[in-house]
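So you can see what is in the structure, the chains are spelled out below.
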Amino acid sequence: MNEIILAADAATKFTGFGTIGYGLAAIGPGIGIGIVAGKTVEAMARQPEMAGQLRTTMFLGIAFTEALALIGLVAGFLF
């Protein structure tokens, strides 16, 4: 009877899902940063006089998007 319990316990232990979860969680912020940077370059090309303000807004958008990646990293370690 103990062998069955030990076999069932060994079959249900999975490790490394935190790493897979963080890898999946990093896809979203990566795509988001690419979109933010691309649209900012496009906007700077259309209106060069707004480049300073657009650059500041871009850095804020990148910072908030990177915060999502860090939350995904922490969640990967917690779960």
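As the structure is a prediction and not an experimental result, all values here were calculated from the model. (Residues numbered from 1 in each chain as written. Predicted model: local features only at pLDDT ≥ 70, side-chain atom pairs only at ≥ 80, totals over all residues. Heavy atoms only, no water.)

Trainee: Can you break down the overall build of the protein chain residue by residue, with the values?
Mentor: Looking only at helices and strands, the protein chain features four helices and zero strands. Starting at the N terminus and ending at the C terminus, the protein chain contains elements arranged as α-α-α-α. Counting only residues that meet the buried cut, the protein chain has 13% of its 79 residues in that class. Of the roughly 6,100 Å² that the protein chain leaves accessible, carbon and sulfur atoms contribute 73%. (Helix = DSSP H or I, 4+ residues; strand = E, 2+ residues; numbered from the N terminus. Buried < 20%, exposed > 50% of the residue type's maximum accessible area, 1.4 Å probe, protein only. Areas by Shrake-Rupley, 256 points an atom, 1.4 Å probe, with all protein chains shown as cover.)

Trainee: Run through the confidence of the model for the protein chain, naming residues and quoting values.
Mentor: On average, residues of the protein chain score 80 in pLDDT, and 77% of them are at 70 or above. Of all helices and strands in the protein chain, the one with the weakest mean pLDDT is helix 1 (residues 2–11) (54), whereas helix 3 (residues 27–46) scores best (92). (pLDDT = per-residue confidence, 0-100.)

Trainee: Break down the environment of Arg55 for me, with residues and values.
Mentor: One can find Arg55 in helix 4 (residues 51–78). Along the backbone, Arg55 and Ala37 are 18 residues apart, and their C-alpha atoms lie at a distance of 9.1 Å.

Trainee: I'd like to hear about the side chain of Thr65, residue by residue, with values.
Mentor: Relative to the assigned elements, Thr65 resides in helix 4. A distance of 2.7 Å separates the side chain of Thr65 from the backbone oxygen of Gly61, its partner in a polar contact. Beyond its immediate stretch of four places on either side in the chain, Thr65 contacts Pro29, Gly32 and Ile33. (Polar contact = N/O pair within 3.5 Å; in protein donor to acceptor, adjacent residues only side chain to side chain. Contact = heavy atoms within 4.5 Å.)

Trainee: Tell me what's going on with the environment of Met44, and back it up with residues and numbers.
Mentor: In this structure, Met44 sits in helix 3. Sequence separation between Met44 and Leu54 is 10 residues; the distance between their C-alpha atoms is 7.2 Å. Discounting chain neighbours no more than four positions away, the residues touching Met44 are Ala51, Leu54 and Arg55.

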